[in-house]
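# Per-entry structural report
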Amino acid sequence: MRFPDPVKVFDFLPAAALGTIMLLTVAAVFQRYVMSTPIAWLEEVNGLLFLWAIMLGSAAAKGAGSHLSIDILTSLLPPKGQWIMSIVVEALTLLVAGLMSWYGYLLASQVQFKITNVLGIPYSYIDYAVPAGGIGIALFSIRNIVVLCKGPALSDAKELN
């Protein structure tokens, strides 16, 4: 049995959430202006889906290498320096993602008994998006560090010594 590519999983989930937001918003406009009965729960659902789409989408972007980077200084370094800088950046990303996951978990734990007004679900269902995205970013950073340590840049760096 072959497991799906994690980047594709992280791509699918935010896309599905954004597609759902779009469909719900179209339905809400129709319901409000044609049927004259607004959908009360729509704002809460869209907020929940939007936060999950952002957090999982940021993990997907990390996995695909699509985050913005400014490499003006890094490009001036020799190959070994670029390799070292790549590992430092991934390690810092891992640290920030770990902190984001931890504090996101603490936040979600603190609001687990606070209930949303319309849906009546715990706010933690919304807030657990933050640690989920942070864990995804951390896992992709770990993968990138492993690839950097195994990849051709390491052999190039050894040849420079």
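Residues numbered from 1 in each chain as written. Predicted model: local features only at pLDDT ≥ 70, side-chain atom pairs only at ≥ 80, totals over all residues. Heavy atoms only, no water.

Moving on, we get to the packing of aromatic side chains. For the structure on display, the rule yields 2 aromatic pairs. Ring plane angle 35 degrees and centroid distance 6.0 Å describe the contact between W102 and Y105, whose orientation is recorded as tilted. Of this pair, W102 and Y105 both sit in helix α3 (residues 79-110), 3 residues apart, which is roughly one turn of the helix. Take Y105: its relative accessible area is 41%, and that puts it in the partly exposed class. On the basis of an interplanar angle of 40 degrees and a centroid distance of 6.4 Å, the ring pair of Y105 and Y128 is categorised as tilted. Note that Y105 is positioned in helix α3 and Y128 in the loop between α4 (124-127) and α5 (129-150), a separation of 23 residues in sequence. (Phe/Tyr/Trp six-rings, centres within 6.5 Å; stacked < 30°, edge-to-face > 60°. Helix = DSSP H or I, 4+ residues; strand = E, 2+ residues; numbered from the N terminus. Buried < 20%, exposed > 50% of the residue type's maximum accessible area, 1.4 Å probe, protein only.)

With that out of the way, let us pick up the pattern of salt bridges. Going through the model one piece at a time under the given rule, you end up with 1 salt bridge. Across the salt bridge formed by E90 and K62, the nearest N and O atoms sit 2.9 Å from each other. On the criterion of sequence distance, the pair formed by E90 in helix α3 and K62 in helix α2 (residues 42-64) is long-range, its members being 28 residues apart. Given the relative accessible area of 10%, E90 is considered buried. (Salt bridge = Lys/Arg side-chain N within 4 Å of Asp/Glu carboxyl O.)

With that out of the way, let us pick up the packing of α2 against α5. As a packed pair, α2 and α5 sit with axes 8 Å apart at the nearest point and diverge in direction by 0 degrees. On the basis of their axis angle, the class for α2 and α5 is roughly parallel. Contacts from L51, W52, M55, L56, S58, A59, K62 and G63 of α2 reach α5 at A129, V130, A132, G133, G136, I137, F140, S141, R143 and N144. Looking at side-chain class alone, the contact of α2 with α5 contains 10 nonpolar, 6 polar and 2 charged residues. (Axes fitted to C-alpha atoms, helices over the stretch in contact; angles between N-to-C directions. Parallel < 35°, antiparallel > 145°, perpendicular 65-115°, else oblique. Contact = heavy atoms within 4.5 Å. Nonpolar A, V, L, I, M, F, W, Y, C, P; charged D, E, K, R; others polar.)

What follows concerns α2. For α2, with 23 residues, the first-to-last C-alpha span of 31 Å sits near the 33 Å given by 1.5 Å per residue. Looking one or two residues beyond α2, the residue adopting positive phi is G65, at roughly 70 degrees. (Expected span 1.5 Å × (residues − 1).)

The next point concerns the packing of α3 against α5. Contact geometry of α3 with α5 gives a least axis separation of 8 Å together with a crossing angle of 160 degrees. Considering the angle they form, α3 stands roughly antiparallel to α5. As α3 packs across α5, the resulting crossing turns out to be left-handed. Looking at side-chain class alone, the contact of α3 with α5 contains 16 nonpolar, 8 polar and 1 charged residues. (Left-handed = near helix turned anticlockwise from the far one by under 90°.)

To continue, consider a nonpolar patch on the surface. Taken together, the side chains of L77, I84, M85, V88, V89, L92, L95, L99, W102, Y103 and Y105 make up a nonpolar region of the molecular surface, amounting to roughly 1000 Å² of accessible area. Within the secondary structure, V88 sits in helix α3. (Patch = residues over 30% accessible without salt bridge, like charges linked within 9 Å, V, L, I, M, F, W, Y side chains within 5 Å. Areas by Shrake-Rupley, 256 points an atom, 1.4 Å probe, with all protein chains shown as cover.)

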